[in-house]
Amino acid sequence: MVKQQSLEVRVLLDNQRNQFDLLCSAAALARKMKVRLQGLFIEEENLLRAADLSLSREISLWSAQERHINGESIQRMLRANARYKQKELEKVAREGKVEYTFEVIRGERTRWIRESVNTSGVLFIGGKNQALKRYQHLKYCSWDKAPLQIIYSGSPASERALKTAVQIAELNKRPLLVLTTAEVSDEIFLRKQISLLLKKRHVTTVTIEKNTNGDVYNALRKQPIHMLILPSDIEWTHDPEQLESLLRQAHCPVILVR
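The numbering scheme is per chain: residues are counted from 1 as the chain's sequence reads. Totals for whole chains, interfaces and linings use every residue, but because this is a predicted model, local features are given only for residues with pLDDT of at least 70 and side-chain atom pairs only at 80 or more, for both listing and counting. Side-chain numbers here rest on the full set of heavy atoms in the structure, without hydrogens or water.

Novice: I tried to follow the nonpolar core on my own but got confused; where do I start?
Specialist: Soluble globular proteins tend to bury their nonpolar side chains together. Val9, Leu37, Phe124, Leu176, Val178 and Ile229 are the most contacted members of the largest nonpolar core, which totals 37 residues. The contacts of isoleucine 229, once residues within four sequence positions are left out, are Leu148, Gln149, Ile150, Ile151, Ala161, Ala165, Ile255 and Val257. Residues belong to a common nonpolar core when they are buried Ala, Val, Leu, Ile, Met, Phe, Trp, Tyr or Cys residues joined through side-chain atoms within 4.5 Å. Burial classes: relative accessible area under 20% of the type maximum marks a residue as buried, over 50% as exposed, and values in between as partly exposed (1.4 Å probe, protein chains only). Among the nonpolar cores identified, the runner-up in size contains 23 residues, and Trp112, Leu123, Trp236 and Leu256 belong to it. By definition in these notes, contact holds between two residues if any of their heavy atoms fall within 4.5 Å.

Written out as structure tokens, the structure is:
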């Protein structure tokens, strides 16, 4: 098995909603793996460039009045957001007794994620939609927990992703859904591998489904998903358009595992 070098759990802290729970999950995983937690905040270059255009305006939600914005005002806002995210990280890391670092990066979000796929041990990326309301989790008078879903291709990276998914499922007390790709030919081996990983672990339910047509996006829409875990060597994580489409359509946090 390939040994991961300078392993750490990284979490992308940006302006997505409901990232506190994501941060707590990342911190819990870092503690379980006995590695450092690294928080990252991206200052979007495209946003800063757009703010300097003469037509750029901000419209108040309350008064509907326009206000001219520029790169300097956006920079101040981003720095304030970065300080807030850093404080959140410090709080969670302190309470979880996890070593941590924080870094601000200037760049383009999707490009940075694509370039970091092969350098991050585990990378947490926040989802874009709000969490489901409580009544949406209610099913037949009982709380129905959305599962963690992993895309499994049989590669060494997907084996590590599966191990990570089992750990997260245990920490979050969530069921686990393993979605296999066309590359997986030996389902019996996969089931044995999962059984081995589940020894002495408290994962409620594990389901294995075949994704025969290769349409991951339709598979993501079938049911609410708590988190999506992906091995970093899946081809479309290296394609800018496909990666952006995935991050836009996955209404849940995405975890990339090298």
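Novice: What is the right way to read the environment of lysine 85 from this model?
Specialist: Strands here are runs of E lasting at least two residues and helices are runs of H or I lasting at least four, both read from the DSSP assignment and numbered beginning at the N terminus. Topologically, lysine 85 is positioned in helix H3 (residues 71-96). Assessed through its relative accessible area of 9%, lysine 85 is described here as buried. It is 7.8 Å that separates the C-alpha atoms of lysine 85 and phenylalanine 41, two residues lying 44 residues apart in sequence.

Novice: Is there a simple way to explain the packing of helix H1 (residues 19-33) against helix H5 (residues 156-172) in this structure?
Specialist: The angle between the axes and the distance between the axes are what describe a pair of packed helices. Note on geometry: axes are C-alpha line fits, over the in-contact stretch for helices, and angles between N-to-C directions span 0 to 180 degrees. It is at 10 Å that the axes of H1 and H5 come closest, and there the two elements cross at 115 degrees. In terms of crossing hand, the pair formed by H1 and H5 is right-handed. Between H1 and H5, the contacting residues are Ser25, Ala28, Leu29, Lys32 and Met33 on the first element and Thr164, Gln167, Ile168, Glu170, Leu171 and Asn172 on the second. Crossings are sorted by hand: turned counterclockwise from the far helix by less than a right angle, the near helix makes the crossing left-handed, and turned clockwise it makes it right-handed.

Novice: When you look at the sheet that holds strand S12 (residues 227-231) in this model, what are you seeing that I'm missing?
Specialist: Strand pairing in a sheet takes place through backbone hydrogen bonds and is either antiparallel or parallel in direction. Two strands pair under a simple rule: DSSP has to find at least two bridges between them. Read from one edge to the other, the open sheet built from nine strands follows the order S5-S2-S1-S6-S13-S12-S9-S10-S11, with strand pairing classed as mixed. Sheet topology places strand S5 (100-107) and strand S11 (206-210) at the edges, where each strand pairs with a single neighbour. Here the average twist between neighbouring strands, direction ignored, is 20 degrees. On the sheet, H5 packs against strand S6 (122-125), strand S9 (148-152), strand S10 (176-180), S12 and strand S13 (254-257) and is oriented at approximately 170 degrees with respect to S9. Across the sheet, helix H6 (residues 187-197) is in contact with S9, S10 and S11; its angle to S11 comes to roughly 160 degrees.

Novice: What's the story with the packing of helix H4 (residues 109-116) against helix H8 (residues 240-249) in this structure? I'm lost.
Specialist: At their nearest, the axes of H4 and H8 sit 10 Å apart, and the two run at 110 degrees to each other. Comparing the axis directions of H4 and H8 gives the class roughly perpendicular. From H4, Arg109, Thr110, Ile113 and Arg114 reach across to H8, where they touch Pro240, Leu243, Glu244 and Leu247. Three categories are distinguished: nonpolar for Ala, Val, Leu, Ile, Met, Phe, Trp, Tyr, Cys and Pro, charged for Asp, Glu, Lys and Arg, and polar for the others, with Gly belonging to the last. Looking at the contact of H4 with H8, its residues break down into four nonpolar, one polar and three charged. Angles below 35 degrees are treated as roughly parallel, those above 145 as roughly antiparallel, those between 65 and 115 as roughly perpendicular, and all remaining angles as oblique.

Novice: Would you take a moment to explain H4 for this structure?
Specialist: One turn of the α-helix equals 3.6 residues, which is why residues spaced by three or four share an orientation. Of all the positions in H4, only Arg109, Thr110, Trp112, Ile113 and Ser116 are classed as buried. What you see down the axis of H4 is that its buried residues fit within an arc of 160 degrees, all on one side. The secondary structure elements touched by the buried residues of H4 are strand S1 (8-12), strand S2 (36-44), S5, S6, H8 and S13. Here a polar contact is taken to be a pair of N or O atoms separated by no more than 3.5 Å, where protein atoms must pair a possible hydrogen donor with a possible acceptor and residues adjacent in sequence count only if both atoms sit in side chains. In this structure glutamate 108 caps H4, since a side-chain oxygen of it lies 3.3 Å from the backbone nitrogen of threonine 110. The arc under discussion is defined with respect to the helix axis, by the directions toward the C-beta atoms.

Novice: I'm lost on the confidence of the model for the protein chain in this one. Help?
Specialist: Low pLDDT means the predicted coordinates in that region are not meant to be read closely. In this model, the protein chain carries an average pLDDT of 78, and 73% of its residues clear a pLDDT of 70 or more. Think of pLDDT as the predictor's per-residue confidence, scored from 0 to 100. For the stretch residues 1-6, pLDDT sits under 50, and the model shows six contacts to residues farther than four places along the chain or on other chains.

Novice: I keep staring at the pairing of S9 and nothing clicks. Help me out?
Specialist: Of all five residues that make up S9, five are buried, and the element is covered over most of its length. What you see with S9 is no split at all: Leu148, Ile150 and Tyr152 on one side and Gln149 and Ile151 on the other are buried throughout. Of the strand pairs in this sheet, S9 and S10 are connected by five bridges, and their pairing is parallel. Bridged to isoleucine 150 within S10 is valine 178.

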